[in-house]
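These are the residues of each chain, in order.
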Amino acid sequence: MTEADRISVEVAYAEPDKQEIISLEVAPGTTAVQAVAQSGIDKNFPDLQLEGADLGIFGNPVSGGQVLQGGDRVEIYRPLTIDPKEVRKRRAAEAKERRAREKSG
């Protein structure tokens, strides 16, 4: 297979204090999960569990079997540490308390 027979893709992963994007050339027909494995990105993140990890391409969730196109960026998503609904509830409660303090003070 020649270099012309390959496509350029990226694999990205981020933690709160570290992120990495790895560029690589893969064969046409390569899937998202295959590109992640070929990137070796898990060597840079000891706690990263690739098996069963949620993946996306430019913010759109995809299955591991998604065939990549040239220029795709496969993103590996971390599990949520807190429910987004709970975050919204907390923010709303804090805003309500702040307004009450401002009114009384």
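(A) Main features of the pairing of strand β3 (residues 54-57). With four bridges connecting them, β3 and strand β5 (residues 73-77) associate as antiparallel partners. By the bridge assignment, Asp-54 is partnered in β5 with Tyr-77. As defined by bridge partners, β3 adjoins strand β4 (residues 60-62) across three bridges and the pair is classed as antiparallel. When the sheet's bridge partners are listed, Ile-57 is paired in β4 with Asn-60.

(B) Highlighting the sheet that holds β3. Pairing in this open sheet of five strands is mixed, and the strands run β2-β1-β5-β3-β4 from one edge to the other. Here the strands that pair on one side only, and so sit at the sheet edges, are β2 (18-26) and β4. When strand polarity is set aside, the average angle formed by the axes of neighbouring strands in this sheet is 30 degrees. Along the sheet, helix α1 (residues 32-39) makes contact with β1 (7-15), β2, β3 and β5, crossing β2 at roughly 110 degrees.

(C) Structural view of the nonpolar core. Core analysis: the largest hydrophobic core is formed by 18 residues, its most contacted members being Val-9, Val-11, Ile-41, Leu-68, Val-74 and Ile-76. When residues of this core are assigned to their parent elements, the largest contribution, four residues, is made by β1. Val-74 has contacts with Glu-10, Val-11, Ala-12, Ala-32, Val-36, Leu-55, Gly-56 and Leu-68, leaving out every residue within four places of it along the chain.

(D) Spotlight on the pairing of β2. Relative to β2, β1 is paired through nine bridges, and the arrangement is antiparallel. Paired with Ala-14 across the strands is Gln-19, a residue of β2. Counting the residues between successive antiparallel strands, the hairpin from β1 to β2 contains two residues.

(E) Region of the structure containing a positive patch on the surface. On the surface, Lys-96, Arg-98, Arg-99, Arg-101 and Lys-103 cluster together to form a positively charged patch. If you trace the backbone, Lys-96 turns up in helix α2 (residues 84-104). Residue class for Lys-96 comes out exposed when judged on its relative accessible area of 59%.

(F) Fine view of the packing of aromatic side chains. Applying the stated criterion across every chain, the model contains one aromatic pair. The positively charged end of Lys-18 is found above the aromatic ring belonging to Phe-45, 4.7 Å away from the centroid.

Rules and cut-offs
Residues numbered from 1 in each chain as written. Predicted model: local features only at pLDDT ≥ 70, side-chain atom pairs only at ≥ 80, totals over all residues. Heavy atoms only, no water. Pairing = 2+ DSSP bridges. Helix = DSSP H or I, 4+ residues; strand = E, 2+ residues; numbered from the N terminus. Axes fitted to C-alpha atoms, helices over the stretch in contact; angles between N-to-C directions. Contact = heavy atoms within 4.5 Å. Core = buried A, V, L, I, M, F, W, Y, C linked by side-chain atoms within 4.5 Å. Buried < 20%, exposed > 50% of the residue type's maximum accessible area, 1.4 Å probe, protein only. Patch = residues over 30% accessible without salt bridge, like charges linked within 9 Å, V, L, I, M, F, W, Y side chains within 5 Å. Areas by Shrake-Rupley, 256 points an atom, 1.4 Å probe, with all protein chains shown as cover. Salt bridge = Lys/Arg side-chain N within 4 Å of Asp/Glu carboxyl O. Lys, Arg positive; Asp, Glu negative; His and termini not counted. Charge placed at Lys NZ, Arg CZ, Asp CG, Glu CD. Phe/Tyr/Trp six-rings, centres within 6.5 Å; stacked < 30°, edge-to-face > 60°. Lys NZ or Arg CZ within 6 Å of the ring centre and 35° of its normal.

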